[in-house]
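# Coordinates in review
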Amino acid sequence: MPMRLKALLVHLLTASGAVLSMLAMLAAVDRQWSMMFLWLLVALIVDGIDGPLARRYDVKTNWPIHDGVLMDLIVDYLTYVFIPAYALWANGMLQGTLGALALGALIYGSVIYFADTRMKTKDKSFAGFPACWNMVVLVLFALNPGPNWVLATVVLLTIAMFLNLKFIHPTRTPRWYPVNLGVAILWLVTAGQSAWLGFEESGVVHVLLLAASLYLCFAGIAQQILPEKKADRIR
């Protein structure tokens, strides 16, 4: 298969996220939360594989007429931010004036964050919380901690988008890479099972989901605090 055709197929894969976002939104409007999150998880998988494929087939050179980065950002805003934010409000997890203000800050702040040219660090991690609200909201649906905890989580993570805090990229941050990738897969599996079962699963699945979420949230901050050793690097 010609390299140009492979590059085009990668762009088409990225664009398929827009279709997945529409399917997720339709499920959300019908209050089919499990189905909404399952579509968002499929979109997350697509987002996880299209980047490595884009670099492998050098889409900027082999199919430069389409901007894969811009396409990715458009899809990501829908699947990472807009639809999860809608679900928070429509399901009543954010309520009242404070909830509306927090929701507005989440949506507005995420636009500013996505447009920030400094969002990536030198080691391909994220500078500030990377607006992965799809992951956060799924965990909130699974654990159902109550509106006050939801409000606090949204406010703190919205602020964290603009703080000098590092958040790992599970497939690109080189330090602790095997652990990062393993925990990300664990998160994906437990999140998928929880959504598939309508968030009625409890016990070990939710414990593992929470543990994986906390690791992905704080591993980058831990890397800022702990000095790097040669053994931490990918050979």
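Because the structure is predicted, anything quoted here is derived from the model rather than measured.

### Considering the packing of aromatic side chains
If you walk through the whole model with that rule in mind, you get seven aromatic pairs. Residues F37 and F141 carry aromatic rings whose centres are separated by 5.0 Å and whose planes lie at 65 degrees to one another, so their mutual orientation is edge-to-face. Here F37, found in helix α2 (residues 33-56), pairs with F141, found in helix α6 (residues 133-143); they are 104 residues apart in sequence, far enough to count as distant. Here the two residues F37 and F141 agree in accessibility, since each one is buried. Cluster of aromatic residues (ring-pair linked, three or more members): W33, F37, F141 and F199.

### Let's talk about the packing of α6 against helix α9 (residues 204-225)
At a minimum axis distance of 11 Å, the contact between α6 and α9 shows a crossing angle of 150 degrees. As the angle between them shows, α6 and α9 are arranged roughly antiparallel. Handedness of the crossing formed by α6 with α9: left-handed. Here M135, L138, V139, A142 and L143 of α6 come into contact with α9, specifically with H206, L209, L210, S213 and L216. Of the residues contributing to the contact of α6 with α9, the split by class is eight nonpolar, two polar and no charged.

### A few points about the pattern of salt bridges
Under the defined criterion, the tally for this structure stands at two salt bridges. Here R118 and D116 are joined by a salt bridge, their closest N and O atoms 3.0 Å apart. You can call R118 exposed: its relative accessible area is 62%. For the salt bridge of K166 with D123, the shortest nitrogen-to-oxygen distance reads 2.6 Å. On the criterion of sequence distance, the pair formed by K166 in strand β2 (residues 166-167) and D123 in the loop between α5 (96-114) and β1 (126-127) is long-range, its members being 43 residues apart. Residue class for K166 comes out buried when judged on its relative accessible area of 13%. On the basis of relative accessible area, D123 is assigned to the partly exposed category, the value being 21%.

### A word on unusual backbone geometry
Excluding glycine, residues mostly carry a negative phi; peptide bonds, for their part, are mostly trans. The backbone of A131 shows a phi angle near 55 degrees, a positive value even though the residue is not glycine. Locating A131 in the fold gives a position in the loop between β1 and α6. By relative accessible area, which is 0% here, A131 ends up buried. Residues other than glycine seldom take positive phi values, yet W176 does so here, at roughly 60 degrees. Tracing the sequence through the fold places W176 in the loop between β2 and α8 (177-196).

Criteria and cut-off values
Residues numbered from 1 in each chain as written. Predicted model: local features only at pLDDT ≥ 70, side-chain atom pairs only at ≥ 80, totals over all residues. Heavy atoms only, no water. Phe/Tyr/Trp six-rings, centres within 6.5 Å; stacked < 30°, edge-to-face > 60°. Helix = DSSP H or I, 4+ residues; strand = E, 2+ residues; numbered from the N terminus. Buried < 20%, exposed > 50% of the residue type's maximum accessible area, 1.4 Å probe, protein only. Axes fitted to C-alpha atoms, helices over the stretch in contact; angles between N-to-C directions. Parallel < 35°, antiparallel > 145°, perpendicular 65-115°, else oblique. Left-handed = near helix turned anticlockwise from the far one by under 90°. Contact = heavy atoms within 4.5 Å. Nonpolar A, V, L, I, M, F, W, Y, C, P; charged D, E, K, R; others polar. Salt bridge = Lys/Arg side-chain N within 4 Å of Asp/Glu carboxyl O.

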